[in-house]
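# An overview of the molecular structure
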Amino acid sequence: MTFNSAHCLPALGVALSSFPHVIVVDNGSDDGCAQQAPQHLPHAQVLALPSNLGFGAANNRALAQVQTPFALLLNPDCEITPQAVEQLVRTANAWPDAAMVAPQLLQPGGAPEVNYRWPHLLWNSRGPAITEGPACVGFVCGAAMLLRMDAFGGRFFDEQFFLYYEDDDLCTRLFNQRLAMVIDPAATAVHRSRGSVRGRSPLRSEYIRGYHHAQSKLIYTRKYQSTAAAKQQQRKLLWQTALALPLRLVAYNPRLLARMWGRFKGVRNWRS
């Protein structure tokens, strides 16, 4: 899924050139991303959405077109090799009960990210990164994941999550159904976190991040705990954000201030 991600297309074109089936779903970009995609990925099917439907909704449109047993979801800010994808498929075949297999994400400098954990509604994950072999986990970051299509019954992302927490929701559903999710450190992908979007207004992008992160956090709490718990969390976040905003004005950072203001508005505008 792309959104104002034209700057990512050259690297994606190199990384995905040998893949026979590629779908690029563009979420109403205004940077020419959908128009430029065939130049870098001439073999790809491009779904140019007329407006931004959100992360989960856009991915659902692409997944509805998949005819293969597996589908690799890859953010534009992730770089993966064919060898890594082949490793993921080997692992999926070796673990036929796994609904999802994911690579180890690496920072651009090569340091591993801990892109997996157990569901935080149950307990906080602790300990070092996985290094020795495939392991079952309770959550996988949505930046890169291989889905076994027949494990989902055509039901993928919950579209009430516009941005953020859609991967938490998907993994929580799999966990509650006792469907395995596997992380394989033998397959890696470079993750340039938050590098997929370059809109015309960076401050607007930060505002949107803050807004939808807050909204999705409350939607997730309501869905998996209760409306009362979500309302309690809303009150807590509202006070925390209101108290932190003056500090952001003193230690002035336009991007962080825009994100904090978006968070405040997202919390205040949420309705159960």
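For the structure given in this document, a descriptive report is provided here.

What counts, and where the lines are drawn
Here the residue index of a chain counts from 1 through its sequence in written order. Totals for whole chains, interfaces and linings use every residue, but because this is a predicted model, local features are given only for residues with pLDDT of at least 70 and side-chain atom pairs only at 80 or more, for both listing and counting. Think of the side-chain values as coming from all heavy atoms in the structure, minus any hydrogens and water. Comment: elements are numbered from the N terminus, with helices defined as DSSP H or I runs of at least four residues and strands as E runs of at least two. For every residue, the accessible area obtained with a 1.4 Å probe (protein chains only) is divided by the maximum for its type, and the residue is called buried under 20%, exposed over 50%, and partly exposed between those limits. Contact definition: two residues touch when any of their heavy atoms are within 4.5 Å. Accessible surface is estimated by sampling points in the Shrake-Rupley manner with a 1.4 Å probe; for residues, cover comes only from the protein chains shown. All axes are obtained by fitting lines to C-alpha atoms, using only the stretch in contact for helices, and the reported angles, taken between N-to-C directions, cover 0 to 180 degrees. The scheme is simple: roughly parallel for angles under 35 degrees, roughly antiparallel for over 145, roughly perpendicular for 65 to 115, oblique for anything else. Throughout, a crossing is termed right-handed when the near helix is turned clockwise from the far one, and left-handed when it is turned anticlockwise from it by less than a right angle. Three classes are used, and their members are as follows: Ala, Val, Leu, Ile, Met, Phe, Trp, Tyr, Cys and Pro are nonpolar, Asp, Glu, Lys and Arg are charged, and the others, Gly among them, are polar. Think of a salt bridge as a Lys or Arg side-chain nitrogen and an Asp or Glu carboxyl oxygen that are within 4 Å of each other.

## Observations concerning the overall build of the protein
- Across its full length, the protein carries 8 helices and 10 strands.
- With the principal axes as the frame, the protein shows a C-alpha extent of 50 × 40 × 35 Å.
- When each of the 272 residues of the protein is scored for burial, the buried share is 49%.
- At a minimum sequence separation of 6, the contacts of the protein that also span at least 24 residues come to 73%.
- Carbon and sulfur atoms make up 54% of the accessible area of the protein, which totals about 13,600 Å².

## A look at the packing of helix 7 (residues 227–250) against helix 8 (residues 254–269)
- Close contact between helix 7 and helix 8 brings their axes to 9 Å; oriented N to C, the two are set at 155°. By the angle class used here, helix 7 and helix 8 are roughly antiparallel. In the packing of helix 7 onto helix 8, the handedness of the crossing is left-handed. Across the interface between the two elements, Gln 234, Leu 237, Leu 238, Gln 240, Thr 241, Ala 242, Ala 244, Leu 245, Arg 248 and Leu 249 of helix 7 pack against Leu 256, Leu 257, Met 260, Trp 261, Arg 263, Phe 264, Val 267 and Arg 268 of helix 8.
- When the residues that make up the contact of helix 7 with helix 8 are grouped by side-chain class, the tally is 12 nonpolar, 3 polar and 3 charged.

## Some thoughts on the pattern of salt bridges
- Inspection of every chain in the model, using the stated rule, returns 9 salt bridges.
- For Arg 117, the salt bridge goes to Asp 168, with nearest N and O atoms at 2.6 Å. On the criterion of sequence distance, the pair formed by Arg 117 in strand 6 (residues 116–117) and Asp 168 in helix 5 (residues 166–176) is long-range, its members being 51 residues apart.
- Since its relative accessible area comes to 8%, Asp 168 is described here as buried.
- One salt bridge connects Lys 223 with Asp 169, and the closest N-O pair in it is separated by 2.8 Å. Highlighted residues: Lys 223 in helix 6 (residues 202–224) and Asp 169 in helix 5, separated in sequence by 54 residues.
- When its relative accessible area of 0% is taken as the criterion, Asp 169 is described as buried.

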